[in-house]
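Residue strings, one per chain:
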Amino acid sequence: MHLNHVTEDDLCLLLFSDWPKSKLQLVQVNQAEETRTIQTLKTTFDSVLPEFEVVGSCNGLVCLYNYFYDDPLYIYNPFSIEHKELPRFEASPHLNICRTVFGFGFHPKTKQYKVIKIVYYKQSNNDLVGGNPDAFVLALSDATLTWRNIGKIDYELSGPTSEALVSGKLHWLSFVLVHEEVRYREIISFDIETEEFQVVPRPSCGGLNQINYHLVTLRGCLSAVVSSGGGSNEIWVMKVYNEKTSWRKELVIGNYVPMLRITMAPPSRRKKNGYQGGAFRVLCELKNGEIVILHWNRFIVSYDPNNGEFKEINFQGLPLEFQASVHVGSLISVHKVFGM
């Protein structure tokens, strides 16, 4: 009931930084103040999960995983400060895991939260992204709370986590290596209800084979942001889900040039499970129509489509380098979600 009454005023950004150690921070983006105060979140799992990564945020809950071992995963509510550890994943001792891709989502029809883990194995020729990965799913409402193997998939998903949740479906980009260069090919969805993978039609634009391409949810629609080497960033929106002809190019945004600052960047922790990053990353759209953008993992700016102007959003206590994702605050109990 609480989630049904959440408004855009409750929209927050969840900031994750990993230096000098893993830390989560939260800030409301629709505040009227010129300078917004960042709240460092209290975590109750530091002793068991000192270094972590964020899988995603969905319906008030956040999923985290152990950075060093990819396991175990935790479900966490930043507002109630509750967390619960998920059962550990038991891999076959005869298989050598080389990377893992994660997803976390909620289906509005079934009211189920699910975590998906896609495991890629090292091949005999030491190919680190070679195929036949297994997909495992854990439903938080399952009384047995066990990882189920739902079979092998034929896609090389970019990682380490899914990029957009739309209509109860998680979305990734797939990629292929061509002469040691990563090129993205398709949009792949996973239906949280049916637990099936599907290729989603992509927009008809020329940049989708480039690495500077990411997915985001805007106004409840699947959206693609394509950045060109010339400094322009196209935002495409799929107006009717899974219909190729419904893709529309809504905006073209130039690159933002931040004010020069003499700061020393912290050492970056390498993303061992796959590529994630980029100079220009769209996070969300505010209720006034402005687009919120993460720039070089160091600046958060808003873009006004009406006048084409950028404005750096001032945050007190912003880390030097961080990742950001949209989070909707909720008082939903972590423990009551399990076994529902």
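Quick notes on the rules
- Residues numbered from 1 in each chain as written.
- Predicted model: local features only at pLDDT ≥ 70, side-chain atom pairs only at ≥ 80, totals over all residues.
- Heavy atoms only, no water.
- Buried < 20%, exposed > 50% of the residue type's maximum accessible area, 1.4 Å probe, protein only.
- Helix = DSSP H or I, 4+ residues; strand = E, 2+ residues; numbered from the N terminus.
- Pairing = 2+ DSSP bridges.
- Contact = heavy atoms within 4.5 Å.
- Core = buried A, V, L, I, M, F, W, Y, C linked by side-chain atoms within 4.5 Å.
- Salt bridge = Lys/Arg side-chain N within 4 Å of Asp/Glu carboxyl O.
- Phe/Tyr/Trp six-rings, centres within 6.5 Å; stacked < 30°, edge-to-face > 60°.
- Axes fitted to C-alpha atoms, helices over the stretch in contact; angles between N-to-C directions.

A few points about the pairing of strand S18 (residues 221–227)
Here is the key point about a regular strand: its side chains alternate between the two faces of the sheet.
Here's step 1: Among the 7 residues in S18, 7 count as buried, and that is most of the element.
Here's step 2: Residues of S18 alternate between two faces, with Cys221, Ser223, Val225 and Ser227 on one and Leu222, Ala224 and Val226 on the opposite face, all of them buried.
Here's step 3: Sheet analysis places strand S17 (residues 213–218) next to S18, joined by 6 bridges and oriented antiparallel. Looking at S18, one finds that Thr217 is bridged to Leu222.
Here's step 4: Once S17 ends, the chain turns through 2 residues before running back antiparallel as S18, passing Arg219 with a positive phi of about 55 degrees.
Here's step 5: One ladder, built from 5 bridges, connects S18 with strand S19 (residues 232–238); its direction is antiparallel. Note that in S19 the partner of Ala224 across the bridge is Trp236.

Examining the environment of Leu283
Here's step 1: Within the fold, Leu283 resides in strand S21 (residues 280–285).
Here's step 2: Sequence-distant contacts of Leu283, that is, excluding residues within four places in its chain, are made with Leu13, Val216, Val292, Leu294, Ala324 and Val326.

Section: the nonpolar core
Here's step 1: Counting residues in hydrophobic clusters, the biggest one holds 24 residues, and the most contacted among them are Leu73, Ile75, Leu86, Phe104, Val115 and Leu140.
Here's step 2: Elements with a minimum of two residues in this core: strand S5 (52–58), strand S6 (61–66), strand S7 (73–77), strand S9 (97–107), strand S10 (112–121), strand S11 (134–139) and helix H1 (334–337).
Here's step 3: If we skip the residues at most four places from it in the chain, Val115 touches Cys63, Leu73, Ile75, Leu86, Gly103, Phe104, Phe136, Val137, Leu138, Leu140 and Trp147.

Remarks on the pattern of salt bridges
Side chains that differ in charge, positive against negative, can pair when their charged atoms come close.
Here's step 1: Within the structure shown, the criterion is met by 12 salt bridges.
Here's step 2: Between Lys114 and Glu195 there is a salt bridge, with its nearest N and O atoms 2.7 Å apart. Taken together, the residues span a long stretch of sequence, with Lys114 in strand S10 and Glu195 in the loop between strand S15 (181–191) and strand S16 (197–200) at a distance of 81 residues.
Here's step 3: Residue classification places Lys114 among the buried positions, given a relative accessible area of 6%.
Here's step 4: Taking the shortest distance from any N to any O, the salt bridge between Glu163 and Arg281 comes out at 3.7 Å. Of the two residues, Glu163 is situated in the loop between strand S12 (148–152) and strand S13 (164–166) and Arg281 in strand S21; the sequence distance between them amounts to 118 residues.
Here's step 5: A residue is classified by how much of its surface remains accessible, and Arg281, at 19% relative accessible area, is buried.
Here's step 6: Shared partners join several salt bridges into a network, and the residues in it are Arg219, Lys239, Glu250 and Glu285.

A closer look at the packing of aromatic side chains
Here's step 1: What the rule picks out here adds up to 10 aromatic pairs.
Here's step 2: Between the aromatic rings of Phe89 and Phe136, the centroid separation amounts to 4.5 Å while the plane-to-plane angle is 70 degrees, which identifies the pairing as edge-to-face. Placement of Phe89 in the loop between strand S8 (82–85) and S9 and of Phe136 in strand S11 is noted, with a sequence separation of 47 residues between them.
Here's step 3: Relative to Phe197, the ring of Phe190 lies with its centre 4.9 Å away and its plane at 50 degrees, an arrangement referred to as tilted. The residues Phe190 and Phe197 share a single accessibility class, namely buried.

Some remarks on the sheet that holds S6
Here's step 1: The strand order across the open sheet formed by 4 strands is S5-S6-S7-S8, and the pairing between neighbours is antiparallel. In the strand order of this sheet, the two ends are held by S5 and S8, each with one partner. Across the sheet, the axes of successive neighbouring strands diverge by a mean angle of 25 degrees, strand direction being ignored.
Here's step 2: Direction of pairing for S5 relative to S6: antiparallel, over a ladder of 6 bridges. When the bridges of S6 are listed, Phe52 appears paired with Asn66.

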